[in-house]
Amino acid sequence: MSEKKIYQLLELCLWFLNPFLIILAIYNQEIQPGLFLQWMGKFHPLVLHFPIVFGILIIVYFIFFQNKRIPFDTEKLLLAANAILSGLVAICGLLLAKQNAYDNELINWHKWGGIAIAFFSWSLLYVLNFKIRHKKYISLLFLLVLITATHKGAQLTHGVNVLEFPESAAPILQKNSPADDSETVFNLGISPILAQKCISCHGSQKIKGKLQLDTPEHISAGGEDGNILIGNLKEEPMLFERIHLPLSHEKHMPPDGKMQLTPDEITILSKWIKSGSNFKNKLSELAKEDSLFVLVNKNSVLPIVTPKTNLPDLKEFNSDYCAVNYLFSGSDEIAVNFFQGTFYNREYLQKLTKIKSKIVRLNMQGMPLTKEDLNIIVQFNNLEKINLNYTRLDMASLGGLKSITKLKSVSICGIEFDETRLNTFLDQAKFSSVNIWSKTGNKKQLEKLIVKYPAISIIVGDNLEDELMKISNPTIEQDSSVLLNHIDIKLKHLLKGTVIRYTSDGTDPDSVNSPVYSNPIRLTNNTLLKVKAYRPGWKSSDIVQRTFYKSEIHPDTIYFVKNPDPKYKGHGAKTLIDYELGENNTSNGRWLAFRDNDMEFVIGFKQSRHLNSAYFNSFLDLGAQIFPMTTLSVQGSNDSKIFKNIVAVKIPSANKTDQRGLRTFSCNFPNGTSYKYYKFTATNLKKLPVWHSAKGKPAWIFVDELFLN
């Protein structure tokens, strides 16, 4: 086939390809490609370099080599091939953008830049007969489009600071030895790893899989596949799973080609996730011999950013009804939360103008705001997110928010609107998301505006919280849940003037009859301690409860007769007597689980030992098929071969209304019981009840500790 015929075929394809590209770009929001087309989008980064290099060569040719031209038919064929490649790359890019992995503003610039490159490449077919100087002007314009569009693509892939000098692109990291143990484990050991190895794909500028790993709040929120820190009976937590996949696996994180985690970093992340992925635990709260403590001390890396090491104290801006805090340790960006609208005082808002350039988040929900307040708010020129739900403002007064150029997220639920006023508010706004709801809102009008402003995610829904704000929970300041003789429990609340009431008999605390905490509470026996915080003008806190166990006797030996499930084997039979409770996280390696086998194990003493009672700390989660044990029986022996029955207890079955959480199961021994060996057998429910979604299947039992008295 001659060059001329190949060109004619390519030209015909272009008359189909480029109009299709325009349709795909205009109706990108409405089009939902299938899995195959989404997969096709992944060819965008693979192929894009060809038309870029081809385009640069064409520009050089048009500017410098028009006096030494190649044959005309060859020119047309090469230009047609470049145009075809440019169009295909742009289409793949639009398909890739449907995966919502990138910043909206950047993706818009890059999208239309890529389309411009495709159409410029197409138009070059028809300028071959232009005068040389005209070709040069067109080539320079093409070069400008090519540089702009590819630069936006580089920012999407490598971040907005891609062209900055390395010294300012990222803080220098240094090893600190030893680490400051007053800091949290997250800030010392986890955050630096995520910042170095993960933020490039899961930060504020590039959000692959709708997952951000730059703050505890974003990490907890998870991504399009849900929470990445919590697993279930069948699967490990997603973050744990991804970092342990083979490098060749497509879901391995970080992906092949990126800087990989070191063995120590994998261990730190793994142990943190398995221990419950707590963002607030301080390093000082870990035992010095704890491997996580040792590794964080050894590998802790903290950014050296001179202006941020001695950040100003924000105490003067805080009050009982206004919380002003840095976003996270080492950040100079500030989040402000106002609460309890009854006590709102504009003076506190006015005072914030001293730090207005540092405030990036502002929550004013429920505050009785006026135009005067809004005039103060619009001075916060670096504000990125604002909540003005139910603030008594009107749509006309909100126009000033558009002057805050960095403002992306706006929530205005409870503010009445109609199509005209909302259209005026959204027109020329650079917001990426607006949360709106009103009793007078018209669904059809909203649907029209959603179509009209595809770059803005308009979320329709009432996210009103109660007028009275719930006070935060009190804390039980006690590391161990096990008492040998006695234990003194301290309770604490950060807000002054808060009253903490408690009970130790299993009943729920109330604001009238329950004892008021003033001094440490001494416990001498098994106790379920429940505490609750109260303060005038606030809703009372949730009940915080914790079970404390008395354990007077520790066996000399312990071994399994029937092994636990391999996924939940703790660290062997000693898991039952290590005084480490699994709490509410069944994936932290501190639980033993049984389903196919009953739980059966033997404890032994060097000499015959009298026992009065035994307690098992267990877990209940009916949705996850974790039920109470059905029977608990104990046998005794002095030679570890022939066992005699001592006691058997039938455990009440679960009701479908039973709440997820810790449970205690116990048995008492007859007077005079004394043996060297005791065999414990706990049976599981063999068939889940008919009301359960997994009816007929065997249930799990989860146990983390045995207490003997």
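An account of the accompanying structure is given in this report. The model shown is predicted, which means the values in this text are computed figures rather than measured ones.

What counts, and at which threshold
- Residues numbered from 1 in each chain as written.
- Predicted model: local features only at pLDDT ≥ 70, side-chain atom pairs only at ≥ 80, totals over all residues.
- Heavy atoms only, no water.
- Helix = DSSP H or I, 4+ residues; strand = E, 2+ residues; numbered from the N terminus.
- Buried < 20%, exposed > 50% of the residue type's maximum accessible area, 1.4 Å probe, protein only.
- Contact = heavy atoms within 4.5 Å.
- Pairing = 2+ DSSP bridges.
- Right-handed = clockwise from strand over helix to strand, strands pointing away.
- Phe/Tyr/Trp six-rings, centres within 6.5 Å; stacked < 30°, edge-to-face > 60°.
- Lys NZ or Arg CZ within 6 Å of the ring centre and 35° of its normal.
- Axes fitted to C-alpha atoms, helices over the stretch in contact; angles between N-to-C directions.

A separate point is the overall build of the protein. Within the protein, the regular secondary structure consists of 18 helices and 25 strands. The proportion of buried residues among the 709 residues of the protein is 44%. Partitioning the contacts of the protein with sequence separation of at least 6, the portion at a separation of at least 24 is 68%.

Attention now goes to the pairing of strand S4 (residues 334-338). Every regular strand shows the same layout, with side chains that alternate between the two sheet faces. The buried fraction of S4 amounts to four of the five residues, a majority that puts the element mostly inside the structure. For strand S3 (residues 322-326) and S4, the ladder comprises five bridges, and the chain directions are antiparallel. The residue bridging Asn325 from the neighbouring strand is Ala335, located in S4. Regarding topology, helix H15 (residues 346-351) serves as the crossover connection from S4 to the parallel strand S5 (residues 359-363), and that connection is right-handed.

What follows deals with the packing of aromatic side chains. As enumerated under the stated definition, the model contains 23 aromatic pairs in all. Here Phe605 and Tyr678 contribute two aromatic rings whose centre-to-centre distance is 6.3 Å and whose plane-to-plane angle is 85°, an arrangement assigned as edge-to-face. Taken together, the positions of Phe605 in strand S19 (residues 599-610) and Tyr678 in strand S24 (residues 674-683) put the pair 73 residues apart, joining distant regions of the chain. By relative accessible area, which is 0% here, Tyr678 ends up buried. Following the ring pairs from residue to residue traces out a cluster consisting of Tyr568, Trp591, Phe619, Trp700 and Phe702. Here the guanidinium or amino end of Lys135 rests over the ring plane of Phe62, the centre of that ring lying 5.4 Å away. The positively charged end of Lys274 is found above the aromatic ring belonging to Phe240, 4.6 Å away from the centroid.

Strand order in the open sheet formed by seven strands is S3-S4-S5-S6-S7-S8-S9, with mixed pairing between adjacent strands. Both edges of this open sheet fall to S3 and strand S9 (457-460), since each of them pairs with a single strand only. For this sheet, the mean inter-axis angle between neighbouring strands, taken without regard to orientation, is 10°. Examined bridge by bridge, S5 and strand S6 (residues 385-387) share three bridges and lie parallel to one another. Pairing of Asn363 across the sheet is with Asn387, part of S6.

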